[in-house]
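Here are the chains, one letter per residue:
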Amino acid sequence: MKTLTADVVVIGSGPSGLSAAAQASEDGAKVVVFEKANVSGGAANMGMGPLGIGTKHQQDMMVDIDVKSAFKEFMEYTHWRSDARMVKKYFENSADTIKWLEESCGVEFAGAYKYFPKSHETWHIVAVNGGIGRNGGAIMNKHIREYAEENGTEFLMETPAKKIVKSDDGKICAVIGTDASGEEVRCDCKAVVIATGGCGDNPQMIKERTGYEFQKNMFNFAIPGLKGDGIKMAAEAGAGTTPMNVEMMYILPNSDAGPDCIPAVFMQPNLLVNKLGQRFIDEEQMQNTTFTGNAISFQKDAIAFSIIDSKIAKYYMKKGVDVVNFVHHPDDVADFAEAVDNSIANDNPDVVKADTIEELAEKLGVDAEALQDTIDEYNDMCETGDNLFYKPSKYMRPIEKAPFYAAKFRPGAYGTLGGIKINEDAQVLTQEWEKVPGLFAAGTDTCTIYGDSYMFLMPGNTMGYCINTGRFAGSSAAEYAQED
Amino acid sequence: MSEAKEVTLVIDGVTIKTTSDTTILDAALANGIYIPHLCSHENLHPEGSCRMCVVGIEGVDGVVTSCTEKCKDGMVVNTKDETAEKIRKLSCDFMFKTHPSECTGCPKFGKCQLASISQYVGDTGRKLKANPINCKEDTTNPIILHEMHRCILCGRCVRVCNEVRGVGVLKFKKVNGRQKVVIDGENLKKGGCRFCTACVEVCPTGSIREYKEIEDARLGKTREEGFVPCRSECPAHVNVPEYIRFINQGNYAAANAVIREKVPFPHALGYICVHNCESACKHHYLNEAVSIRNLKRFAAEHDDGEWKKLAFHKPATGKKIAVIGGGPAGLTVAYYGAKLGHSITIFEAQEKLGGQMRYGIPGYRLPREVVDDEVQTVLEAGDVEVKNNTKVENAPELLKQGYDAVFVSLGTHVGARLPLPGNDLEGVKVNTDFLRDFENGTAEVGEHVVVLGGGNVAIDCTGAAFRLGAKTVDMACLEAYDAMTASDEERSWAEEEGVVLHNSKTFPEIKGENGHCTGVLIQSVGNFRKENGRMVFDKLEGTEEILEADTVIFATGQRPSIPMEEEKFGLALTHGNYVAAQGPDGETSVEGIWAAGDCVTGTRSVIAAIAAARDSIIAIDKYLGGEGNIEEALAPKQFRDPHLGKVENFGDKERTAPRVVPAPKRVAEYKTAGPMDYGFDEEMARCEASRCLQCDLRCDLAPQKFWNDYQGKEKAE
């Protein structure tokens with residue numbers, strides 16, 4: 001067995017764990033990080049940047065948002081089913097965190113942006129090659145890690161933590177893990193920060209804790225390694241549990257690797273129907289992935305079909321799409337028709353093409369007559385206005401010309417939220433709200449601030465919560481570990 | 001070729017001494033200076049095609065690829081050269097031109113070298129118009145899954161398959177004007193793939209992988225354990241691929257020596273091992289597992305004794321170990337204990353040593369000369385005394401008699417007679433007594449025998465019954481056919497010999513007349529469920545049936561011969577009268593006493609007993625002041641040839657059947673003829689050994705490294 005000693009052990013090196021390690025080591029603690037994977041950054045390596053409120057970037061870009069207005073809107077949105085003290089502290093610190101990322105860690109931001117037209121400019125996009133690119137999260141994570149290392153943090157890669165050890169007096173005293181060669185590693189310590197990113201890759205735990213069934217009514221990103229380790233270890237160490245939820249959105253489950261134009265076109269505000277062939281949403285909401293995910297989740301078999309005709313397709317291929325967002329913003333979608341044919345040839349079950357509405361209905365498993373009725377009614381409303389859900393008339397384009405295209409959307413999620421009970425200092429609490437001495441937790445393992453639905457109107461929220469609570473946990477843990 | 005000279009160069013301001021045959025990349029990495037590299041791999045010839053590893057050299061125009069450029073004296077290298085950094089970013093962009101822009105859904109996420117490099121280079125691509133490779137996943141091949149839409153054409157798979165393995169089942173080919181990695185042939189099997197998975201090991205992205213089931217089975221294991229399942233699933237971790245390779249090389253005695261390194265009974269195991277190795281063998285994804293047990297037997301048949309010259313023998317320690325029970329576990333402790341220099345006394349309740357190898361497993365399956373020979377080797381290992389026909393009543397008493405340590409391994413030799421009406425009628429027997437009598441030549445059966453139970457011991461009882469002249473043998477058990485604990489192989493022998501199976505039956509009563517059994521009432525069961533932790537079931541009305549029987553044999557479990565009262569034997573007990581032993585080495589409730597084998601675990605297997613006993617003797621030796629080291633290298637060093645070569649339809653080679661004597665002959669002539677199974681001859685063994693996938697070769701390939709693997713090193717400078 002290999003043995004090490006530290007003041008603070010951090011479990012996990014996504015943005016929460018990295019920030020906790022960087023903050024704790026900046027505060028003078030000796031930090032050791034246990035990480036399961038070979039690459040630091042966790043799920044956030046797919047992300048683009050964190051939330052900030054009241055930052056220099058927002059000031060420069062003349063964005064009118066401050067902590068007070070954001071806090072009020074957030075609490076209204078969540079109906080106060082949220083830890084208001086945590087939300088307040090998180091928002092209040094978010095601008096300083098952006099500054100810390102820039103000045104201490106060396107992260108460069110391209111600016112503060114919306115995710116989609118109806119959202120706020122809270123999303124601080126990490127610059128890629130000096131401008132806007134994708135997966136800047138990976139670059140940010142590298143900078144935080146390097147800053148933590150400069151401060152003396154030691155990283156143990158491919159070394160999953162297995163157990164948090166308590167001494168006889170109930171205080172945290174060590175973390176035990178196993179390294180890539182199979183050797184046990186024990187790090188004696190005074191405090192532990194858990195930041196393992198939830199249980200997105202553990203269908204059984206998702207079912208037990210959220211009720212969703214993976215690949216039945218929930219097609220979340222099963223990011224390899226997110227098994228709920230931290231949530232389990234915390235519970236074993238005496239932590240209280242919180243309700244768990246997912247960060248709801250909607251997706252085409254089999255189109256990750258395909259060309260971007262397919263999701264981009266089918267996410268446009270055209271006709272969206274359920275298995276009964278009925279509309280169920282004002283499709284303008286399709287830009288809000290949370291709301292649309294919620295709505296699809298509510299439908300029979302948790303599935304929805306986005307339908308366009310050749311005329312709409314041709315229009316997009318020529319002129320570009322109506323609504324773009326940060327993730328789906330192809331320069332053009334001219335290759336849409338070809339991409340659909342390729343997808344179908346490659347057995348992508350999400351995408352369908354048909355020469356008649358009847359054939360389309362059959363391929364989608366929807367009652368043909370009901371679908372025809374819906375389309376007839378919809379086409380009429382394209383002239384008179386949507387008197388069912390009041391969608392703006394600029395998005396009302398009739399479904400008339402063959403071939404018809406459809407895509408099958410499902411509820412998805414980035415991962416899970418919540419599990420470990422903490423206070424606003426990221427101190428882990430028991431079920432009776434007592435502190436578990438020396439145990440801290442951050443990030444999605446603890447995130448219950450959204451109540452029932454992800455607060456998508458302020459994008460960058462989850463990464464923002466992770467980095468900020470990571471810093472809270474890091475400074476609380478360092479302070480605790482360095483007390484006498 | 002000129003000889004390598006010592007050179008001194010400077011990389012990023014760090015002075016490095018190396019030799020002139022070292023590349024700049026290797027010199028930098030060895031000194032904790034990371035240069036991104038992708039097409040370069042420790043086991044492959046440098047190619048310099050990915051342009052990731054470019055560096056600037058003072059006095060040299062432009063940049064050079066550090067994976068191909070050798071170090072020269074006085075060289076000054078700048079890995080962060082401005083042009084080099086630009087080229088790296090551009091190379092990254094080119095890779096992402098074809099690679100999916102989203103990582104979601106990729107099982108390699110978190111362990112992807114491309115993601116790590118793009119994180120390091122600080123360029124996540126997508127500036128160039130995406131031009132994805134348009135192809136669907138290929139799940140038509142066994143073991144190896146292709147999702148080539150993620151391929152970045154680094155060519156490592158093609159090179160490892162050609163250069164290192166000499167197989168060449170992967171190649172570059174232009175398809176519709178696009179360069180792709182494709183299979184050279186209709187599919188992997190037809191293309192001559194050896195399924196060594198080197199391609200999986202070197203793939204930096206999620207393009208070539210093994211199926212989820214295979215990869216999941218490796219979670220939490222080390223590379224060595226995970227890549228070589230036959231070896232890691234063997235309780236004693238016998239180095240299976242190594243001895244199979246020796247058979248392939250024609251060095252059969254060396255193969256035996258490899259087995260000897262971990263177990264003292266290679267020959268007996270060659271006949272009767274439960275072979276967890278075969279259950280784990282990856283060849284079953286192609287057709288059937290390699291017939292490992294028969295190869296072991298073949299190797300053991302070619303023992304030339306040379307290994308004895310290399311075996312360790314420590315000087316006498318003056319310490320005394322008492323071993324209670326001379327079965328596989330007790331003999332293993334005696335063997336290694338004696339070699340470690342301790343004086344061993346084996347207390348054996350029966351007349352002869354061997355335990356279940358002699359008194360449980362019938363002689364037609366395991367010839368007694370094999371057991372005798374291997375027991376003899378144990379007795380010759382050092383100072384070993386045997387007290388046969390001696391039952392130990394109290395274990396701690398032996399400590400008082402002057403033994404420094406005691407090892408308890410008295411097995412499970414008392415058969416369970418289930419509490420049902422008629423269980424004490426004449427003609428009703430229990431498995432353990434019956435098989436012991438069979439061994440001693442005193443067993444008798446009537447014409448119609450019913451064996452109750454569904455495990456391997458029950459199968460042995462049916463075989464013994466036929467050989468004793470039974471006209472009919474029926475076997476009834478609770479388990480359904482597919483859920484029987486007997487192995488498929490052993491059950492098929494019983495079926496060949498004529499056993500009639502009655503699955504999913506309960507047996508509420510043994511019928512009798514005049515004090516002698518006449519039949520067994522059986523009844524179908526259904527609706528198995530758990531209630532309060534116990535399995536319960538419903539009896540199905542109207543399914544009652546009587547099996548005619550003048551002999552009934554209970555083969556429904558067996559227990560140790562230890563009294564239920566703890567104070568009698570002197571050790572804490574568990575689950576009735578099993579010895580309570582803790583940890584892998586089997587510490588009991590009394591200091592100085594260890595226990596292992598069936599009397600701790602319940603009836604398992606010879607190999608499990610040996611493995612547990614090895615752990616116990618290590619602990620005992622340490623307790624007695626030794627180092628607890630029983631490792632020994634008995635086989636010559638093996639040349640592990642990474643070159644496999646292309647073999648068309650290699651994956652379809654069928655499992656070699658051993659020379660089993662036909663059922664009527666083996667039953668009729670069991671007393672005069674040899675064993676029921678003659679194993680492999682040389683040709684069969686060579687043929688079977690050639691089927692091995694040599695999964696262990698993958699361990700020789702360098703594990704993938706990431707930029708952060710070099711960080712700590714840099715700090716240490």
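Parameters at a glance
Residues numbered from 1 in each chain as written. Chains lettered and ligands numbered in written order. Predicted model: local features only at pLDDT ≥ 70, side-chain atom pairs only at ≥ 80, totals over all residues. Heavy atoms only, no water. Helix = DSSP H or I, 4+ residues; strand = E, 2+ residues; numbered from the N terminus. Buried < 20%, exposed > 50% of the residue type's maximum accessible area, 1.4 Å probe, protein only. Contact = heavy atoms within 4.5 Å. Areas by Shrake-Rupley, 256 points an atom, 1.4 Å probe, with all protein chains shown as cover. Lys, Arg positive; Asp, Glu negative; His and termini not counted. Charge placed at Lys NZ, Arg CZ, Asp CG, Glu CD. Domains from an automatic or database assignment. Buried area = accessible area lost by both parts, 1.4 Å probe. Salt bridge = Lys/Arg side-chain N within 4 Å of Asp/Glu carboxyl O. Polar contact = N/O pair within 3.5 Å; in protein donor to acceptor, adjacent residues only side chain to side chain. Nonpolar A, V, L, I, M, F, W, Y, C, P; charged D, E, K, R; others polar. Pairing = 2+ DSSP bridges. Axes fitted to C-alpha atoms, helices over the stretch in contact; angles between N-to-C directions. Disulfide = S-S within 2.5 Å.

A.B. asks: How would you explain the overall build of chain B if you had to name every residue and give the values?
C.D. replies: What chain B contains, in helices and strands, is 27 helices and 27 strands. Considered along the principal axes of its C-alpha atoms, chain B spans approximately 105 × 65 × 55 Å. Within chain B, the fraction of its 717 residues that count as buried is 56%. Within chain B, counting contacts between residues at least 6 apart in sequence, those at least 24 apart form 69% of the total. For chain B, the computed accessible surface area is about 30000 Å², with 49% contributed by carbon and sulfur atoms. Taking the average place of the 86 positive charges on the side chains of chain B and the average place of its 104 negative ones, the gap between the two points comes to 6 Å.

A.B. asks: Now, about the domain arrangement of chain A: what can you tell me, with residues and values included?
C.D. replies: All names here are of chain A. Once the domains are mapped, chain A shows domain 1 (2-244 + 418-482) and domain 2 (249-412). For domain 1 and domain 2, the distance between their C-alpha centres works out to 35 Å. Tallying the contact residues gives 23 residues for domain 1 and 23 residues for domain 2. Both sides of the domain 1 and domain 2 interface together cover about 1800 Å² of buried area, and 64% of this is carbon and sulfur. Across the contact surface, domain 1 and domain 2 share zero salt bridges.

A.B. asks: I'd like a description of the interface of chain B and chain A, backed by residues and values.
C.D. replies: In this complex, chain B contributes 32 residues to the contact, which on the side of chain A involves 35 residues. The largest share of the area that chain B buries against chain A comes from T104, F109 and Q119 of chain B, three residues that together contribute 22% of it. Put simply, chain B and chain A have one salt bridge between them. When the shortest N-O distance is used, the salt bridge between K136 of chain B and D347 of chain A registers 2.8 Å. The tally of links between chain B and chain A comes to seven residue pairs in polar contact (both at pLDDT 80 or more). Sorting the residues of the side of chain B that touches chain A by element identifies α3 (113-121) and α27 (711-716) of chain B as the ones contributing at least two each. It is α3 of chain B that provides the largest number of residues to the side of chain B that touches chain A, a total of three residues. In terms of residue class, the side of chain B that touches chain A is built from 10 nonpolar, 13 polar and nine charged.

A.B. asks: Go over the sheet that holds strand β7 (residues 154-156) of chain A, please, and point to the residues and values.
C.D. replies: Residue and element names in this part refer to chain A. The strand order across the open sheet built from six strands is β7-β3-β2-β11-β18-β17, with neighbouring strands paired in mixed fashion. The open sheet has two edge strands, β7 and β17 (427-429), and neither has a second partner. Neighbour-to-neighbour, the strand axes of the sheet open up by a mean angle of 30 degrees, direction not taken into account. The sheet contact formed by strand β2 (residues 8-11) and strand β3 (residues 31-34) spans four bridges and is parallel. Within β3, the position partnered with I11 by the bridge is F34.

A.B. asks: For unusual backbone geometry, give the residues involved together with the corresponding values.
C.D. replies: Residue and element names in this part refer to chain A. Between A402 and P403 the backbone carries a cis peptide bond, its omega angle lying at -10 degrees. Summarising the element assignment, P403 is placed in the loop between α13 (368-384) and β16 (404-417). Phi angles above zero are rare outside glycine, and M62 is one such case at about 55 degrees. Tracing the backbone through its elements, the reader meets M62 in the loop between α2 (56-60) and α3 (67-77).

A.B. asks: Could you give an account of the pairing of strand β11 (residues 191-194) of chain A, naming the residues involved and the relevant values?
C.D. replies: Look at any regular strand and the pattern is simple: side chains alternate between the two faces of the sheet. Residue and element names in this part refer to chain A. Residues of β11 alternate between two faces, with A191 and V193 on one and V192 and I194 on the opposite face, all of them buried. Inspection of the sheet shows β2 paired to β11 by four bridges, in the parallel sense. Along β11, the bridge assignment pairs I11 with I194. Of the pairings in the sheet, the one linking β11 to strand β18 (residues 435-441) comprises three bridges and is parallel in character. Looking at the pairing, V192 lines up with L439 of β18.

A.B. asks: Explain the pattern of salt bridges residue by residue, including any values.
C.D. replies: Under the counting rule described, the total for this entry stands at 71 salt bridges over all chains. Here R145 of chain A ties to E149 of chain A by a salt bridge, and the two come within 3.2 Å at their closest N and O atoms. With a gap of four residues between them, R145 of chain A and E149 of chain A both fall in helix α5 (residues 136-150), about one helical turn apart. Among the salt bridges present, the one from R529 of chain B reaches E531 of chain B, with a minimum N-O distance of 3.0 Å. For R529 of chain B, a relative accessible area of 28% corresponds to the partly exposed category. The class of E531 of chain B is partly exposed, set by a relative accessible area of 40%. Through salt bridges with shared partners, one network takes in E201, E210, R218, R223, K282 and R698 of chain B.

A.B. asks: For the sheet that holds strand β17 (residues 472-476) of chain B, give the residues involved together with the corresponding values.
C.D. replies: Residue and element names in this part refer to chain B. If you walk across this open sheet you meet the five strands as β15-β23-β16-β17-β18, and the pairing is parallel. Strands at the two margins of the open sheet, each flanked by one partner only, are β15 (428-430) and β18 (500-502). With strand direction ignored, the average angle separating the axes of adjacent strands in the sheet is 20 degrees. Judged from the five bridges that link them, strand β16 (residues 448-452) and β17 form a sheet pairing that is parallel. Paired with V450 across the two strands is D474, which belongs to β17. Lying over the sheet, helix α20 (residues 456-467) contacts β16, β17 and β23 (551-554), oriented at roughly 170 degrees with respect to β17.

A.B. asks: Talk me through the environment of P107 of chain B; I want residue IDs and the actual numbers.
C.D. replies: Assignment of secondary structure puts P107 of chain B in the loop between α2 (82-98) and α3. Judged by its relative accessible area of 40%, P107 of chain B is partly exposed. Taking the C-alpha atoms as reference points, P107 of chain B and I259 of chain B, 152 residues apart in sequence, are found 37 Å from one another. Dropping the residues within four chain positions of it, P107 of chain B is found in contact with P224 of chain A together with R150 and R209 of chain B.

A.B. asks: Give me the lowdown on the state of the cysteines, citing residues and values where you can.
C.D. replies: Joining two cysteines, a disulfide is a covalent bond between their sulfur atoms. All names here are of chain B. For the structure shown, the criterion picks out zero disulfides over all chains. For C50, which is in no disulfide, the shortest distance to another cysteine sulfur is to C39 and amounts to 3.8 Å. Looking at C50, the relative accessible area reads 10%, which means it is buried. Its sulfur unpaired, C135 is 8.3 Å from the next cysteine sulfur, which belongs to C151. With relative accessibility at 19%, the residue C135 sits in the buried group.

A.B. asks: Describe helix α19 (residues 431-440) of chain B, with residues and values.
C.D. replies: Each full turn of the α-helix corresponds to 3.6 residues, which orients residues three or four apart in the same direction. All names here are of chain B. Within α19, the full set of buried residues consists of N431, T432, F434, L435, R436 and F438. In this fold, the buried residues of α19 make contact with α16 (356-359), β14 (414-415), β15, α20, β23 and β24 (558-559). G441 occupies a position one or two residues after α19 and carries a positive phi of about 80 degrees.

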